[in-house]
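# Fold and contact review
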Amino acid sequence: MNDLDTVREAWGAWPIVPPNADRYVIQALHSRRWAISSIVTQDAPELFEQRFAREFAAYLEVPTVVPTDHGSSALVMALTALGLPSGSHVVVPALTWVATATAVFRAGYVPVVCDVDSRTGTMTAEALRAALTPRTRAVIVVHWACTMADMDALLAVAAEAGLPVVEDAAQAHGALWRDRAAGALGDLGCFSLQQAKVLSVGEGGAVVSRHASWRTRLEELRADSRSWRPAGEVRVGDMALAETAGIMGSNFGMNDLAAALACAQLELLDAQHDIRNGNYLRLVEECERIPGVSVPVPPEQQTRLSLYEIPIRFADAAPGEAARLAGRLRETTGLRSYLPRHPLVGSSLLNVGSVPAIADKAAEFDELHRDRNYPAAEAIAASSVVLHHSAFLATDEEMDTLVSALAALAGERRR
């Protein structure tokens, strides 16, 4: 049995059930400690949630990991933890899942959307500078699709302006920038463990930080103002959470069955990265020989890839052509291929006017963005067909099929 046999099932199938998942989940099930608010028992002195926090912290080389129920909750917690004045402006990139912007509203702030790099789809230092306002108080940097944002340049701009940086690393588990983990470069990092992510528990997330000082505040934000008692103070029959109440929190805790699955998934992640990343780098080379077809090339500072979605660009695509190409790619490979999400401004999912409680912030958002354009984000969205990362858990023969299909589509376009 080779490595590929252990890390995937059929080509394009996802999620994968890792080898230890059954054992860990059944252990969590029978512990009867299914939540962080459960009572400590002799048989279950530690939760899988605590184990995952420790193991993910070691994986990222950070002191602080607080698991959550969703990646969206992680973003709300991180933004709330910053303690910004109500109505502060937070810069976000145009290409990202809608939760990056809605979390800003839910934390009491107003997102300001900036354009992205035309090659990678990530925020640039120039776009960040152009988006700054007198009320800008933070930045959310998104590592998008399969490449990281230029953290050197963005952190420099943020430092000049005195702005904290939250990394939305929901699409970048295990990615490295100069050998430092995505999520561990800014002040706070947020991950999603949703069904489609490379580290998946169905629904889950985490907030991380390179600063140990954030831990108690983040724990309180996810557990209704409670944080973990020191291990030496926890007794059988007691709750392991103390009512420390330094900040008003919410119930954003990850349940222990999901945490057990997260522990099993983490054990498989690097082996999957190795296969996906090797196949992706091959595709980068192959696309150099296919006229009119390209994929993002990772910057040299990105010393490890983490693929989530792979946007395949078709040069000079006519309006509506990408949808036809996505259908043709599905027909020829059997893989799920689809269109990128619409840039944030104009997205039907960012329906901010539908929530009366944020009417003032929604009106300000609309006014701020009334005359702004996002040419790079719009061009990427209009000319790309997206493949899920599971397509790159592929054999050499399957990659041959994908490359041949892309070459055939390029040929059809030239005719």
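Here's what I pulled together on the structure shown here.

Definitions and cut-offs
Residues numbered from 1 in each chain as written. Predicted model: local features only at pLDDT ≥ 70, side-chain atom pairs only at ≥ 80, totals over all residues. Heavy atoms only, no water. Helix = DSSP H or I, 4+ residues; strand = E, 2+ residues; numbered from the N terminus. Expected span 1.5 Å × (residues − 1). Buried < 20%, exposed > 50% of the residue type's maximum accessible area, 1.4 Å probe, protein only. Contact = heavy atoms within 4.5 Å. Pairing = 2+ DSSP bridges. Axes fitted to C-alpha atoms, helices over the stretch in contact; angles between N-to-C directions. Core = buried A, V, L, I, M, F, W, Y, C linked by side-chain atoms within 4.5 Å.

## Comments concerning helix H13 (residues 396-414)
An ideal rise of 1.5 Å per residue puts 27 Å on 19 residues; H13 measures up with 27 Å between its terminal C-alpha atoms. Within the span of H13, buried status applies to Glu398, Met399, Leu402, Val403, Ala405, Leu406, Leu409, Ala410 and Gly411. Taken together, the buried residues of H13 touch helix H9 (256-287), strand E12 (293-294), strand E14 (309-314), helix H10 (321-333) and strand E16 (384-388).

## Considerations on the sheet that holds E14
What holds strands together in a sheet is hydrogen bonding between their backbones, with the strands either parallel or antiparallel. Within the open sheet, the four strands sit side by side as E12-E14-E16-E15. Their pairing is antiparallel. The open sheet has two free edges, formed respectively by E12 and strand E15 (337-338), since each of these has just one partner strand. As paired strands, E14 and E16 are joined by five bridges and run antiparallel to one another. Each bridged residue has a counterpart across the sheet, and for isoleucine 310 the counterpart in E16 is leucine 387. Packed onto the sheet, H10 meets E14, E15 and E16 and runs at close to 35 degrees relative to E16.

## Here we look at the nonpolar core
Counting 79 residues, the largest nonpolar core has Leu79, Leu188, Tyr280 and Phe392 as the members making the most contacts within it. Those residues in contact with tyrosine 280 that lie beyond four places of it in its chain are Cys146, Val295, Pro296, Pro298, Leu305, Leu307, Ile310 and Phe392. Among the nonpolar cores identified, the runner-up in size contains 53 residues, and Phe52, Met148, Cys263 and Leu266 belong to it.

## Details of the sheet that holds strand E6 (residues 176-177)
Read across the sheet, three strands follow the order E7-E6-E13 without closing on themselves; strand pairing throughout is antiparallel. Strands with a single pairing partner mark the edges of an open sheet, and in this sheet they are strand E7 (180-181) and strand E13 (302-304). Where E6 meets E7, two bridges bridge the pair, whose relative direction is antiparallel. From the neighbouring strand, leucine 176 faces E7, where its bridge partner is alanine 181.

## Points about the environment of leucine 406
On the secondary structure map, leucine 406 appears in helix H13. Under the relative-accessibility criterion, leucine 406 is labelled buried at 0%. For the pair formed by leucine 406 and alanine 170, sequence separation is 236 residues and the distance between their alpha carbons is 28 Å.

Worth remembering: the numbers are spatial, not functional.
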